[in-house]
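What the coordinates show
Each chain, written out:
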Amino acid sequence: MVTKIEIGFKSEFFDAYSEKILKDIHDLDLKQIKSVTANHVYYLLGDLSLEQIQPICHILLVDPITQEYSINSPLRTIAADERMVEITYNPGVMDPVEESTQKGIRDLGIQQVERVKTAIRYYLTGNINEAEKLMIIDKILANKVIQHEVRPNEEIFADPNLYHFKRIEIDLLQADDAKLMKISQEGQLYLNIEEMLTIQAYFRKLGRQPTDVELETLAQTWSEHCGHKTFRGRIQTEEGVIDNLLKQTIMKVTQTLNKPWCVSVFKDNAGIITFDEQFDVCFKVETHNHPSALEPYGGASTGIGGVIRDPMGTGLGAKPVLNTDVFCFGPPDYPYQNLPSGTLHPKRIFKGVHAGVRDYGNRMGIPTANGAIHFDELYVGNPLVFCGNVGLLPVGMTEKTVVPGDVVILVGGRTGRDGIHGATFSSAELTSESEIISSGAVQIGNPITEKKMLDTLLQARDLGLYRAITDVGGGGLSSAIGELCSQTGVRVHLERIPLKYKGLSYTEIWISEAQERMVIAVPVENVEKILKLFANEDVEATVVADITDNHKLELVYQGNLVCELEMDFLHDGFPKLTRKATWNQPRFDEPDFDDPSDLTPYLHQILAAYNVCSKESIIRQYDHEVQGGSVLKPLQGVDEDGPGDACVFRPVLNSYKGVVISNGFNPKYGLIDPYDMAASAIDEAVRQIIAVGGNPEKIAILDNFCWGNTDKPDRLGGLVRAAQACYDIALVYETPFISGKDSLNNEYQVNGKSISIPPTLLISAMSVMDDVRQAISMDAKKPGNLIYVLGETKNEMGGSHYYFVRGYMGNTVPKVDAKIGKKLMAALNRAMKKGLVKSCHDCSEGGIGVAAVEMAFAGGIGMKINLNRVPVSDGVIKNDILLFSESNSRFLVEIASDDQKAFESMMQGNVFANIGSLIDTDDFIVVGLNGHEVINDKIIHFKESWQKTLRNF
Amino acid sequence: MNKVKVIVIRAAGSNCDGETVHAFEMCGAQTELVHINELLRKEKDLHEFQILAIPGGFTYGDDISAGKILANEFKYLITEELRKFTGEGKLIIGICNGFQILVKAGLLPDSNLAQMEPDTTLSFNDSGKFEDRWVYLKQNTSSRCVFSQNLPEVIYLPVAHSEGKFICRNKQVLKRLKNNGQIVFQYADATGAPVDYPGNPNGSIEGIAGICDVSGRILGLMPHPERFVVPFQHPRWTREGKNLQADGLQIFKNGVDYASKNL
């Protein structure tokens, strides 16, 4: 029996959700819709009496003050000018509310409810036709990848088909090249011909055909996502062959620098550095791009959920203490008619991604306190979603041990059909067909499952009940268990794995990327104790495998051996590819216009640009203070709305030691030269750490490369340049890389033409601050204080925001001179430690002009600066260049006039100058080279320009 | 003198438990973090403690409505224990999700667990959004609330929620809360005057941010006092100095002091 309960707000209560939907519909230009009512619907499966249904409604599901409900009948009649649309999840898609509702009902002493399903009923008032209704469903109410409109008489609790075991072998031994590629393509394996031939040779040697699950396992382990074939392969450049780009550049820096505070680099799920005597800290950043393109909310929430499990699976398990996020989208005002088919509008992706990261992070209780958003038309078909997580790990818990005889326990969420082929899918270019072919790759997260798993795992860790842990992420159990036991061997019993629903084949069980799962290696004598610990807090945990010593991966389903692969072949058997790399510097139009006499309108335009404008409405929706450790928050100043540089927080509440986190990236530079883009990203990340008082002697960095298809030589040529810059700059700054990740197929096909994203390298930086009470914010503090610029301003306008608002790209991209930068930053840090710096702001997009006005309006204090005093390189003779050049390694700092001498003597040997001061009025004034004012306006006007763009997001 | 014993209750999705424990420990209390299942299985006895705290978070995902499932566990599964606890004049504080739970369990505004028709509720913010921001709170100096003593008239604390709009069933309920001095904190501007959004972050009636029961011993509030226990958590400490008074800490101190003297 199915009971249907519909719940709605009483008319006298404001329903913010319905209002939001109405606004989205009006954004589609369907103004004839006058109102929207969204009612929640619960379907309960089970034999219930009315005496049971009523308390379920009244006590559990309904808020009697604000809501009303109906049982097995519509809550309202549908008016003549009204349409009713009911949206529910597709069969097999996890509905997080289902589990909680079942628990809530059981708590009432009612045991008959077997399943719960939810839906939302929308009543759309206003005259629209069927096509317009379908458009509203498609663009706003439902994402067909995971949801659908409930059909009349639809069987809500349709039983999935049962699965009957059948061992499937693939006819590989006799296949020719064409057949091999057909097998790869049709199976969504994304293996190339060399790889297929290697697999064929392996099975010919064994004298048997592979099973489907063996091929899938190889495809996942060898995927770009898991194997990093490009970075670890051979690259033929014009200068010669590079064998393993990663080892030759990024890992080489770390090796050369050999910092004693690096605890574990490039080998675990996150890189680890020392923090204090009791704790280390680890940091990992990942991307979740393709799933976010198809289903922004689910894709992004599982992106953050996945990266949180990285620190949880680092060493013996770290406690997540901070989230970061960086997004790249198409412009929110991108014309609908220009959208490539199969793509969601950038605004919808933006909203969905933001909501996904927000809801997951907030529910997990992890502060999100650092991030960035970048908009560019080249991201329309392929957005980027970078999520990062910092974890706190007790000292001495870095090493895992995997011992034959121990068992593997799977903890957390159940396994379903979600996320099938996620890892291999990330190796494909997106097309308009992607949403159909790869919908299985989209997953829905349940943060509470992850949170309770975390709570119990930390207890088990502290009791010493397990010896190794890793997360189940891309590649599913195949990657997790396969890697955990790569040095020993393992026998997995697939039928023991708890399933969300019946009907999964042994292969689907093995490769599913269902969320919120971790695996631990447990000595047999601890099994009973640890299972009880999990059960006590309603966390599911199951012994699924035995660790062996035969160096084989063996999968058994109901007693049938379905996979027997040698670990050596699985992990090291793939052929090294040699790819070609070429590089040709692109040329953009170089603008040639006069120096405007009034730069005020340009400063307003730059402040209002999507990439510079205030992100307050987005930031406020993240809980950036949970766990109580925040010291420098993302929004700073007299009205708590100025743009902070790096965030500072205390992961241990009874200590004043802090962690500093920043990020640096600028994809616009990547379009001109990936080398300078990468160099600038490192400079920016390091600069931001320094700007808040971070320790220049202890900065660890992470790389996240998002690139186009590196099978194409020009894309790969750019990647090589960027990696080379990573080596050159990080070596001088003495910032070891401790972890990294790459996502290399970010292209989108439109009418057969492949469009690549801009070469994008995100550098995330982490530093440790001995005393957070010395942290420095960016807001101007006091009229009369002096403003200094540190570092030289050069004619480097290529990719600048000034050129952008004037419609140009240019070619003179900012370079980095790390030797000069390092010396300057060391001097600035010494001055900060002496307490000489009142505020400090990093100069990046928009140059001195933007940095100065942001300091002024964040502090609510006027400022007057003189461009004649700005130290420049030869030939800089225009006000617009002085004010808006984005040269690297520069800061603006505020110094009390009493401290002038002390500060200047500490900065000796560096390029710096006093360019003005904070003033008693509320004006922002810039005097140009000829002595005339080139900017003069109220700080509040600039602030308004900066705030208005995304204020109502 | 024996240390005051505090029980901080957590469930799946609690997430402000660590800093709530820390705040009580700063006040010298002996604090235990206990999973609700331990109470349900009777492995822990509420009776051992003088103060019960329900921290912020998203218990059970706030699925259905914020705090509802844990509230029902309080109301229907540990009813007698709670009755005994409140009957002995012991203290309860619920912060954010904890406030939602106290209201939905029928412990606020009147500690009457049996009541079927609630008098008040906390609903979705008028903004339709989860928001994290600091707000000024006017403290009702005539309130009997144990936790709000010795505070300045206007204090500053962060809120971070999406379901914090306080609603009364009718005008009589609101009037009763006022007459009984049960309104403890109201959103205000820096001078203590009433404000609209964003100063009132959720659209609560009369800017109500926290209420107590008639005895003053049970407090529920949306703002997070545990996030302001040292000056360096204040969003303007780099401007206003390192000697800012941490308003949040006083709330915990009041509870611990009261329990130490009276319980």
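**Observations concerning the sheet that holds strand β5 (residues 115–125) of chain A**
All names here are of chain A.
- Read from one edge of the open sheet, 6 strands run β3-β1-β2-β5-β4-β6, paired in antiparallel fashion. Both outer strands of the open sheet, β3 (67–71) and β6 (147–149), are each paired with one neighbouring strand and no more. Within this sheet the neighbouring strands show an average axis-to-axis angle of 25 degrees, counted without direction.
- Of the pairings in the sheet, the one linking strand β2 (residues 35–45) to β5 comprises 11 bridges and is antiparallel in character. Note on β5: the bridge partner recorded for V41 is A119.
- Taken strand by strand, helix α1 (residues 16–27) contacts β2 and β5, and its axis lies near 125 degrees from that of β2.
- Contacts from helix α2 (residues 50–61) reach β1 (2–9), β2 and β3, with the element oriented near 160 degrees to β3.

**Some thoughts on the pairing of strand β14 (residues 384–394) of chain A**
Residues and elements named next belong to chain A.
- Burial analysis of β14 places 11 of its 11 residues in the buried class, the great majority of the element.
- Every second residue of β14 is oriented toward a common face, with L384, F386, G388, V390, L392 and P394 on one face and V385, C387, N389, G391 and L393 on the other, all of them buried.
- Note: strand β11 (residues 279–287) against β14, 9 bridges, orientation antiparallel. Its bridge partner lying in β14, F279 is registered against P394.
- Here 9 bridges tie strand β12 (residues 319–329) to β14, and the two strands are oriented antiparallel to one another. Counted as the bridge partner of C328 is L384 from β14.

**Quick notes on the packing of aromatic side chains**
Residue and element names in this part refer to chain A.
- In the structure shown here, the tally under the stated rule is 37 aromatic pairs over all chains.
- Between F593 and Y802 the ring centres are 6.0 Å apart and the planes differ by 75 degrees, which places this aromatic pair in the edge-to-face class. On the criterion of sequence distance, the pair formed by F593 in the loop between β22 (578–580) and α22 (600–608) and Y802 in helix α27 (residues 801–805) is long-range, its members being 209 residues apart.
- With 5.0 Å between their ring centres and 20 degrees between their planes, Y802 and F884 make a pair best called stacked. Of this pair, Y802 sits in helix α27 while F884 sits in helix α30 (residues 879–884), placing them 82 residues apart in sequence. For the pair Y802 and F884, one class covers both residues: buried.
- Site record: aromatic cluster; members linked through ring pairs are F327, F329, F350, F375, Y610 and F953.
- The ring of F804 is capped by K668, whose NZ or CZ atom sits 4.2 Å from the centre of that ring.
- R806 extends its terminal NZ or CZ atom over the ring of F593, reaching a point 3.8 Å from the ring centre.

**Describing the sheet that holds strand β33 (residues 786–790) of chain A**
Residue and element names in this part refer to chain A.
- The strand order across the open sheet built from 7 strands is β34-β36-β33-β37-β35-β38-β39, with neighbouring strands paired in mixed fashion. Edge positions in the sheet fall to β34 (839–842) and β39 (933–938), since each of these pairs with one other strand and no more. Averaged over all pairs of adjacent strands, the angle between their axes in this sheet comes to 15 degrees, without regard to strand direction.
- Here 4 bridges tie β34 to strand β36 (residues 891–895), and the two strands are oriented antiparallel to one another. Paired with S839 across the two strands is E894, which belongs to β36.

**Points about the confidence of the model for chain B**
- Residues at a pLDDT of 70 or more form 100% of chain B, whose mean pLDDT is 95.
- In the predicted complex, the global pTM is 0.96; the interface-specific ipTM is 0.97.

What counts and what doesn't
Residues numbered from 1 in each chain as written. Chains lettered and ligands numbered in written order. Predicted model: local features only at pLDDT ≥ 70, side-chain atom pairs only at ≥ 80, totals over all residues. Heavy atoms only, no water. Pairing = 2+ DSSP bridges. Helix = DSSP H or I, 4+ residues; strand = E, 2+ residues; numbered from the N terminus. Axes fitted to C-alpha atoms, helices over the stretch in contact; angles between N-to-C directions. Contact = heavy atoms within 4.5 Å. Buried < 20%, exposed > 50% of the residue type's maximum accessible area, 1.4 Å probe, protein only. Phe/Tyr/Trp six-rings, centres within 6.5 Å; stacked < 30°, edge-to-face > 60°. Lys NZ or Arg CZ within 6 Å of the ring centre and 35° of its normal. pLDDT = per-residue confidence, 0-100.

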